[in-house]
Amino acid sequence: METPLTQHIVAGRQPLSLKEYERVGGYESVRKVLKQMTPAEVTDLVKASNLKGRGGAGFGTGMKWSFVPMDVPGPKYLVANADEMEPGTFKDRLLLEGNPHQLIEGMIVAAFAIQANISYVFLRWAYKLAASEIRKAIAEAYEAGYLGENILGSGYTLDMHLHTGVGRYMCGEETALLNALEGKRANPRAKPPFPQVSGLYGRPTIVNNVETLCCLPHIVNKGAEWFKSLSQSEDAGTKIYGISGKVKRPGVWELPMGVTVRELLEEYAGGMKDGLKFRGLLPGGASTDFLVEEHLDVKMDYASVAKVGSRMGTGTMIILDDKTCPVGFVLNLQHFFAQESCGFCTPCREGLPWVEKILRAMERGKGQPEHMKILEFHTQYLGPGNTFCALAPGAMEPLQSALKYFRADFERHITEKRCPWKQ
Amino acid sequence: MEAVAPNVTIYIDDKPFQVKTGKNLLEACLGLGEDLPYFCWHPAMGSVGACRQCAVKVFKDENDTVGRLMMSCMEPVREGMRISIQNIQAKEFRNHIIGWLMTNHPHDCAVCDEGGACHLQDMTVMTGHAYRKYTFEKRTYRNQYLGPFLNHEMNRCIQCYRCVRYYKDYAGGKDLDVFAAHNHLYFGRHEDGVLESEFSGNLAEVCPTGVFTDKTLKQHYTRKWDLTSAPSICQHCSLGCNTSAGERYGTLRSITTRYNGEVNGYFLCDRGRFGYEFVNSASRIRKPLVRSQLPEATSQHVALEEAAKMIRSGKVIGIGSPRASLESNFALKTLVGEEHFYQGFSEPEHDLVEFNLEVLQTTDAHILSLREVEHCDAVFILGEDLTNTAPMLDLAVRQSVRQQPIMEEVPKAGFPIWQDAAVRELVQDRKGPLFIASFQPTKLDEIATETFNSTPAEIARLGFIVASIIAGEEISVHDVTEQTVRMANQIANALLQAQKPAVISGTHGGRESIIKAAANIANVLKAKGKDAGIMLTAPECNSLGLDMLGGHRLESAFDAIDNGYTDTVIILENDLYRRASTAQVNRFFDKCKNVIVLDSLHNKTTERADILFAAGSFAESDGTLVNNEGRAQRFYQVYPTTEDIQESWRWLMQLGDQVHHQHMRGWETFDDLLPAMVVAHPNLRGVEGITPPAEFRIAGQKIPRASHRISGRTATNAVTNVSEPKPAEDPDSPLSFTMEGYKGQPPSSIIPFFWSPGWNSIQSTNKYQLEIGGPLKGGDPGTRLIKPQLQSRSTYFQEAPQHFLPLDGHLFMVPLYHTFGSEELSIHTKGIMERAPEPYVLLNSHDAQEMKLAEGETLTFKIEEQVYQLPVKTSSFVAQGAAGLPIGLPGLPFSALPAWGILNREISWKKQPQPIS
Amino acid sequence: MVTLTPEEIEEIQHEISLVPIKKAACIEALKVVQQHRGWVSDESMKAVADLMDMSPAELDSVATFYNLIFRQPVGRHVILVCDSISCWVMGYENLRQYLSDKLGIQYGQTTTDGRFTMLPNVCLGCCDHAPALMIDNDLYQDLQPEQLDEILNKYA
Ligand SMILES: Cc1cc2nc3c(=O)[nH]c(=O)nc-3n(C[C@H](O)[C@H](O)[C@H](O)COP(=O)(O)O)c2cc1C
Ligand code: SF4
Ligand code: FES
């Protein structure tokens, strides 16, 4: 089983230095694209590879790049989204701390494809180790001529900067991220215009997730067909999956796209901790719908997860066990979303705190029968398109599915006027 | 003219409608008269999609029965588009939006100033949201002190972001913003303090609920539905912004914006909005006075008789006023006879206004309206500090500077320009070309491409050079520095690159040569095939109108007394102490045998009156003003007065009657004046038709000044009289003083207040427009009296002034204006007074250093006979040898400026004892 | 009136040199000040605004949006307790309770000796090692309340 993204990452060991990385074939893809390919060929290759964005939405990466106007004068930008703040998500950290050169290499490929000359790594504040590793790696890459002017004598120039954030989940949303980079409040922007056309400083910009970018060197080196062949499903490549919660061996693993939930849970995570039963899981971070027992044989790829009413999201699962209150679980999530709402649009700003207050009331034995209706209209009306960005719709996914699968638990809170999980 | 946008067909709830392309769905729906609720969108500020109130269902095609909820303000109209406003989910969603907003709203309508004129109330009712389901605690905020004009009550906030978008993005303010995040947003200043912007008052109209409300109204609060309102024109500068003035119980309570698509649009400046309280001032003259019969005020009859006696026996002259209406000036002119009529401008203003008019009448360039300035793509300002001399023009220039890069870049990016946030992202801080040549730095400098600070002479010279460069001729100005030529070249190039360059100047620079230079530039740009425009400011609200009536200069009136040609003077709404030096005016009054004064406020001139008539203020009068672009506009009496206060023209007509004046025979009402005025002054033709005559009726009814919901009408006088008194008649206008009358929309020129069923707030303006943000139905009111030239008649002025040369022992005093403080009437308002500076003199820092004067120390100087002792302010931008002297501030005696001030070496430059504070 | 130190100004100027529009460096500027002073007081805010050609309102609008720009004084060490879902499932509340009892502070408070401030924080991205918390720049994972005493002792 090939694990291209994590093959050089060994727990407890320093990431490869530039020299070491080069020795195992690092930066080959840069040589290749700069010397042998046109930007359009790179984009076409990525399109052909069927790489889908690993940031959560799963949009085709090559397709996204192809919206960048290539004939306009003036700067273009590439941004690596390393803001990873989605609760339950810890996959980019692995790549950032484990092999920063791989990210830089992928960024050069992407930047070349869209002919951007300036690039940023937007890193969340808490990733201190990643910050120092990336800083070091960028310096090495400049030193070796992979960054800066006239890279490898190709005439292509790319600068790269590390930007560390100062909090707010919202910064992970690509347009809010651009506002944060511009020194503004991280409110999201209206789309259209998409960042591909008017992004950072009003210029064409591509924002890609760290994992997405890390796939690129391998696609360039080994080809689209190889990339597709890594997968066990329609969606190409490998995926970094993770599991947290009360399982025997929580962790992250790079596996072929399309492994089943069951394999992940039972084989890799070792199943539930002793004495606990599985009740459900969020397949890809806090803003995805619950999957339950009946879904354990679902393949973890974009289409398969969508078919059963959830989203693959970031592919990092959070497990709900039978000794944990589902209402409390959802309350924790809603507290997070309400607090991280930027406050720009009404339904999100006012709706999420209301939902949070209701769930808290339920947990405190103050739930009312009407509360179920109020929760329901929120799940109905905070959907995509109704709010300004995807934060609130994301927040509704665990809630609506919890109301579906764990409805009785909500109702017990109300009728028993207490949380049945609390003594 | 902009190209007419083609129409598309859209289907709203299965009915086809034709709408203009380029609009968003919300605008289109509102324009079709649909009641679609919204908050964050504003016609002048575009869409950001924050509130989510304007949701509609949009269907892919006829077969799509599910559709998607979309925010109508964010969707461009498209051919064949199918939408539903009535769709149950759309309605439910809109209803929930209110529900969400209400989770933290205090529901304090009963004690909220916005109540009854509240967009939030209207939208709540419109969505049908009535029952609150939210049972948890609400968040609360501490409010801020924001200065004398606005009240702050953050708990009512619905976070629509309109305030910051208006204050910061639209008006260029710096000290209001949004703080924190999620549902803890706070809209205010970073700390308590006076809001700095001269346009802060618009927040009261822009905010859809009661967060920002008019503090002056609060002092004498009245619900909108209890106001008696009339269409009015702002009296506080030459731009003639349209206002709606509201009264209750005999006092004026508030001024709100009366939309005029060509003039002020949706906004007013703070002087215009809050300067009204002079009307209620304790220094109002409320009864006629005959000095010989003091101390008691006297009856109208006695005063008229006494005055008639003086007129019959004396050699009479009349002095008019640039702040009085055309009608009052005309009545005076008729009464005293053309040869005895003096205009009452100060000396410098007389020439400048006359020259302004000449330029406007002969220029080949387009005379810009305020709104047109917003769409110019390069602006050159000569000699004006617009923020202080013509505030709303500052706001218009800000839009121009913003529009230019938008027009250039947004169409290329392929999204509509009403996508406000996206536009700002794309355009970033790019600004259109703006050049400012002024005596001292102005507030607009922050958005200017280049600025130039110097004396009026140097400003004019720069203008002349720019004109020569544009004309492609040799620079005829002598002794030019390379630096000046470089700047002139830059300005000329920018103007030549534009399609609609604008040249803005006016009378406040104090020099004809500046206006000449401006005219030259506009004319040569026009000759170069540009759609060039010119805008010239004038000193006061009717300066141009007065000039169009003709008459002698004030100086000649002084001579007439000196020479014995006259002994009796009638002064119309004019404080001569603001027009000529104290010594000169004193001399004049000392020699006058009889002084008859008509005015509304006591001042130094009324003190010299033998007979004083209580003139109606704008709120108690009908009249016409001609603004700086030559646009005649009508204002109406708001409420009936006691019989002792009357329009000046009415007093003058009655005097005419008393003396059996042959030309005034039969004059009884306002409508009698108008035809006579137009016959006597063909240049004013058009004035008679700007509003319908008094006998105008719709369905046999007058237009009510009061809303049909006015409360307690039969009880308002119950303390004194249980029977309802007969309502006052208005013989002069088609407006009634009560709620009786036609309930539909009146003609655009006589809209007393904006109201539409379900739309109680000022947002109802939309219902009166032909298209959203466009002209009012029936056309924007007012008539341009100066018609565009058919053939070129413009003169190319040759004589550029010489370099400014400092003079030993002297300082060249240049007038400085203040939004708050320089204008005669508004200063009688508490809040305006609070914002006005103390008198001072502004020196060049080096000069001050040389004179050993530190900031705050006193400089003594003399202009003609007038001695000044003023604390010094310094600036390194003021030209050496020149100084700035504020105009019109209370306590500062008049001098004709610019003028040389003679420094008094004996008493100046000594350190003054510091006051102990 | 607080003035920025030459060192702070130099670091801010460096950040400004990296961006195409001066204002874009404003968050970095706030970070610089916070780095040096622990938090951003109203006075520092004004000083930075001045340097950035921004109004205090404009800068504070940005500053107050982000939760890791401290607009109130904090202790010498800041404890960020991860309160997101995986840590919740794994019982982070015991950690918080322990810290509260031991230090006598709730979220948002600072110990009387100015040593610690405790704040909640969103997912620290180490959910497979929940519960976790950060003190200053140090991450602690797989925590049990018993380990906290020793950890806290490292911070003077
Ligand atoms: C509220 C919110 C938070 C997000 N946070 C992240 C994040 O932390 N990291 C990330 O890569 N994408 C995040 N996304 C998704 C990004 O908006 C964007 O789709 C992604 O960075 C695109 O990269 P990709 O095409 O490579 O997936 C977030 C989206 C939303 C709505
Ligand atoms: S204060 Fe008024 S204008 Fe500003 S966001 Fe709140 S409701 Fe909107
Ligand atoms: S008016 Fe459309 S979203 Fe606010």
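In short, a report on the structure.

## Examining the site of ligand 2
Part 1: Close to ligand 2 lie 13 residues, the nearest being Cys157, Cys160, Tyr161, Cys163 and Cys207 of chain B.
Part 2: A class-by-class count of the residues in the shell around ligand 2 yields ten nonpolar, two polar and one charged.

## What to know about the interface of chain A and chain C
Part 1: Across the contact, 53 residues belong to chain A and 39 residues belong to chain C.
Part 2: Both sides of the chain A and chain C interface together cover about 3,500 Å² of buried area, and 63% of this is carbon and sulfur.
Part 3: Viewed at the interface, chain C and chain A are joined by zero salt bridges.
Part 4: For the pair chain A and chain C, the interface holds 16 residue pairs in polar contact (both at pLDDT 80 or more).
Part 5: The leading source of residues in the side of chain A that touches chain C is helix α13 (residues 326–340) of chain A, at eight residues.

## Observations regarding the packing of aromatic side chains
Part 1: Under the definition given, this model contains 48 aromatic pairs over all chains.
Part 2: A ring pair is formed by Tyr77 of chain A and Tyr201 of chain A, whose centres lie 5.9 Å apart and whose planes are at 55°; its orientation type is tilted. Of this pair, Tyr77 of chain A sits in strand β1 (residues 77–82) while Tyr201 of chain A sits in the loop between α8 (174–181) and β4 (205–209); the two residues are 124 residues apart in sequence, bridging distant segments of the chain. Each member of the pair, Tyr77 of chain A together with Tyr201 of chain A, is buried.
Part 3: Among the aromatic residues, ring-to-ring pairing joins Trp354, Phe377 and Tyr381 of chain A together with Phe93, Trp100, Tyr134 and Phe136 of chain B into one connected group.
Part 4: Cation over ring: Lys128 of chain A sits above Trp125 of chain A, and NZ or CZ is 4.1 Å from the ring centre.
Part 5: Its guanidinium or amino end placed over the ring of Tyr107 of chain C, Arg96 of chain C lies 5.8 Å from that ring's centre, counting from NZ or CZ.

## Examining the nonpolar core
Part 1: Phe410 of chain A together with Tyr166 of chain B are the most contacted members of the largest nonpolar core, which totals 324 residues.
Part 2: The residues that make up this core include at least three from each of domain 1 (6–65) and domain 2 (77–153) of chain C.
Part 3: Among all residues touching Tyr166 of chain B, those that are not within four sequence positions of it are Met45, Ala171, Phe199, Asn202, Leu203, Val206, Phe267 and Leu395 of chain B.
Part 4: Grouped together as the second largest cluster of nonpolar side chains are 92 residues, Phe452, Val466, Ala492 and Ile690 of chain B included.

## A few points about empty space enclosed by the protein
Residues and elements named next belong to chain B.
Part 1: Scanning all chains against the criterion turns up 14 cavities of 30 Å³ or more.
Part 2: The space that makes up the largest cavity amounts to roughly 480 Å³.
Part 3: The wall of the largest cavity is formed by 31 residues, among which Ala117, Leu217, Lys224, Ser254 and Thr256 lie closest to the centre.
Part 4: Listed by contribution, the elements that provide at least two residues to the lining of the largest cavity are α5 (203–206), β9 (212–214), β11 (242–248) and β12 (251–257).

## Examining the pairing of β4 of chain A
All names here are of chain A.
Part 1: Counting buried residues in β4 gives five out of five residues, a clear majority hidden from the surface.
Part 2: In the sheet, β1 pairs with β4 via five bridges, with the strands oriented parallel. Counted as the bridge partner of Val79 is Val207 from β4.

What counts, and at which threshold
- Residues numbered from 1 in each chain as written.
- Chains lettered and ligands numbered in written order.
- Predicted model: local features only at pLDDT ≥ 70, side-chain atom pairs only at ≥ 80, totals over all residues.
- Heavy atoms only, no water.
- Near = heavy atom within 4 Å.
- Nonpolar A, V, L, I, M, F, W, Y, C, P; charged D, E, K, R; others polar.
- Contact = heavy atoms within 4.5 Å.
- Buried area = accessible area lost by both parts, 1.4 Å probe.
- Salt bridge = Lys/Arg side-chain N within 4 Å of Asp/Glu carboxyl O.
- Polar contact = N/O pair within 3.5 Å; in protein donor to acceptor, adjacent residues only side chain to side chain.
- Helix = DSSP H or I, 4+ residues; strand = E, 2+ residues; numbered from the N terminus.
- Phe/Tyr/Trp six-rings, centres within 6.5 Å; stacked < 30°, edge-to-face > 60°.
- Buried < 20%, exposed > 50% of the residue type's maximum accessible area, 1.4 Å probe, protein only.
- Lys NZ or Arg CZ within 6 Å of the ring centre and 35° of its normal.
- Core = buried A, V, L, I, M, F, W, Y, C linked by side-chain atoms within 4.5 Å.
- Domains from an automatic or database assignment.
- 1 Å grid on protein atoms, 1.4 Å probe; cavity = no way out; pocket = protein on both sides within 12 Å on 5 of 7 lines; lining within 4 Å.
- Points joined across faces, edges and corners; volume = space filled by probe spheres on them.
- Pairing = 2+ DSSP bridges.

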